[in-house]
Amino acid sequence: MNVHSAIENKLDKKTLILESTLDLISENGFHGTPISMIAEKAGIGAGTIYRYFENKEDLINELFKEIKRRVMHAMLSDYDEKQSFEDRFKHLWMNLIHYFMDHPKAFQFIEQHRYASYMSKLTREESFMIMSPVMMFFIEAKRAKAMKDLPVYTIISLSYGPITSLAKLQIDHQQHLSEERIEQAADACWDAVRRH
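Residue numbers restart at each chain and count upward from 1, following the sequence in its written direction. Note on the predicted model: pLDDT of at least 70 is required for a residue's local features to be given, and 80 or more for side-chain atom pairs to be given and counted; whole-chain, interface and lining totals, by contrast, use all residues. Here the side-chain values reflect all heavy atoms present in the structure, with hydrogen atoms and water set aside.

A few points about the domain arrangement of the protein chain
On domain assignment, one finds that the protein chain holds domain 1 (1-53) and domain 2 (56-192). Where each domain starts and ends follows an automatic or database-derived domain assignment. Once you take the C-alpha centre of each, domain 1 and domain 2 turn out to be 27 Å apart. In this complex, domain 1 contributes 18 residues to the contact, which on the side of domain 2 involves 15 residues. Buried surface at the junction of domain 1 and domain 2, summed over both partners, amounts to about 1,500 Å²; 72% is from carbon and sulfur atoms. Reported buried area values correspond to the accessible surface (1.4 Å probe) lost by two parts on association, with both partners' losses combined. When residues of domain 1 are sorted by the area they lose upon contact with domain 2, L18, L22 and F30 head the list and together hold 42% of the total. Salt-bridge detection follows one rule: a side-chain nitrogen of Lys or Arg within 4 Å of a carboxyl oxygen of Asp or Glu. Seen at the junction of domain 1 and domain 2, the total is two salt bridges. D23 is the salt-bridge partner of K105, the closest N and O atoms lying 3.0 Å from each other. Throughout, a contact is declared for two residues whenever any of their heavy atoms are within 4.5 Å.

Observations regarding the UniProt feature "DNA-binding region" (unreviewed entry) in the protein chain
Under the local residue numbering, the UniProt record ascribes the feature "DNA-binding region" (unreviewed entry) to residues 34-53. Counting from the N terminus, the helices are DSSP H or I runs at least four residues long and the strands are E runs at least two residues long. Span residues 34-53 is 75% helix and 0% strand, its end C-alpha atoms 14 Å apart. UniProt positions are given in the numbering used here, feature names are shortened, and annotations may be inferred rather than shown by experiment.

Digging into the side chain of K65
Positionally, K65 belongs in helix α4 (residues 56-75). When its relative accessible area of 9% is taken as the criterion, K65 is described as buried. Those residues in contact with K65, other than ones at most four positions away along the chain, are T123, E126, S127 and I130. Buried residues are those whose accessible area, probed at 1.4 Å on protein chains only, stays under 20% of the maximum for their type, while exposed residues exceed 50% and partly exposed ones sit between those limits.

Written as structure tokens, this is what we have:
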């Protein structure tokens, strides 16, 4: 086995472990998902998991960061810094809600575990760093006086809250949200945070 395929195999196993963990935690919760169950679903020995992760908490923290990286990648897909603040806001907003609706397990995992006691301070800091491009957008928009003079966390709360509520409506209550309704919500969120 050459070095390249050894690295690929290692990444594939780690990804397999993370995906198996996400599936099982979605079905059984954190406490109902022992390492042995993750290993069985992934088709590997439990010892293999411990080569990649120190313990279950470490595995959950890594899964959280991986999902945050995927979310950021989705949000920045086709993002154009030359667009107006309004267009960029709506682009980020729409990409995020679509990601959550298309990946309900990832959405539910993030929502369920982001404030959990087993999420380390380092994970929270790294998550903040992963999300920094979005944070920079909000800071830039405030400086340009395109957004209200509120703390950034308040602006993010006003923007993110409706996304989670709408995603839950579609995922948990199986209510189909039309693209028109989603766009109306994006417009309303922009209206809530823009400087009038």
